[in-house]
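Remarks on the overall topology
Letter by letter, the chains look like this.
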Amino acid sequence: MPEMIFRVRWPNGQESDCYSPSLVIREYFTPGQDYPVREFLEKADTALTDASERVRARYGFACSRALGQLQAIRQMGEPFLTRPDALVRVLSFKF
């Protein structure tokens, strides 16, 4: 299964490399695009859960690394949820 890293910039300027065990992330995010924090978190939840389920379908178990990444994304995004103008930018995909 092809893995990928998607790099994001948080509203505070911090950048993070995020892991996905599947290229499914490309169906949810576009490099160079800004997303309101809540929308980004919802899309990340759907995308990484989908990616983990693809691993389960292929190997018989969920991808704990994808689920851990999702938890880290939730923790990073939570402080910005009260700021309606806060945006997360997807910077790039690395395959």
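Please refer to the structure placed before this passage.
Every value quoted in this text rests on a predicted model; they were computed, and no experiment measured them. (Residues numbered from 1 in each chain as written. Predicted model: local features only at pLDDT ≥ 70, side-chain atom pairs only at ≥ 80, totals over all residues. Heavy atoms only, no water.)

Thoughts on the nonpolar core
In terms of nonpolar packing, the biggest core is built from 25 residues, with Phe-6, Val-8, Ile-25, Phe-29, Phe-40 and Ile-73 touching the most fellow members. At the level of secondary structure, the elements contributing two or more residues to this core comprise β1 (4-9), β2 (15-20), α1 (37-59), α2 (64-77) and β4 (87-94). Considering each element in turn, this core owes the most residues, seven residues, to α1. Sequence-distant contacts of Ile-73, defined by excluding residues within four places in its chain, comprise Phe-6, Trp-10, Cys-18, Phe-40, Leu-41, Ala-44 and Leu-48. (Core = buried A, V, L, I, M, F, W, Y, C linked by side-chain atoms within 4.5 Å. Buried < 20%, exposed > 50% of the residue type's maximum accessible area, 1.4 Å probe, protein only. Helix = DSSP H or I, 4+ residues; strand = E, 2+ residues; numbered from the N terminus. Contact = heavy atoms within 4.5 Å.)

A closer look at the pattern of salt bridges
Tallying each qualifying case throughout the model produces nine salt bridges. Where Asp-50 meets Arg-54, a salt bridge forms, and the shortest distance between an N and an O atom there is 3.5 Å. One end of the pair, Asp-50, and the other, Arg-54, are both in helix α1, four residues apart, so they sit about a helical turn from each other. Overall, the relative accessible area of 24% leaves Asp-50 in the partly exposed class. A relative accessible area of 33% means that Arg-54 is categorised as partly exposed. Overlapping salt bridges, with partners in common, bring together Arg-7, Arg-9, Glu-15, Asp-17 and Lys-94 in one network. (Salt bridge = Lys/Arg side-chain N within 4 Å of Asp/Glu carboxyl O.)

Looking at the pairing of β1
Two faces belong to every sheet, and in a regular strand the side chains alternate between them. Here β1 shows a buried face lined by Met-4, Phe-6 and Val-8 and an unburied face lined by Ile-5, Arg-7 and Arg-9. Bridge analysis of β1 against β2 gives six bridges, and the strand direction is antiparallel. Bridge assignment links Ile-5 to a residue of β2, and that residue is Tyr-19. Two successive antiparallel strands, β1 and β2, enclose a turn made up of five residues, where Gly-13 displays a positive phi of approximately 95 degrees. Where β1 meets β4, five bridges bridge the pair, whose relative direction is antiparallel. Bridging from a neighbouring strand, Phe-6 pairs with Phe-93 of β4. (Pairing = 2+ DSSP bridges.)

By themselves, these figures tell us nothing about what the structure is for.
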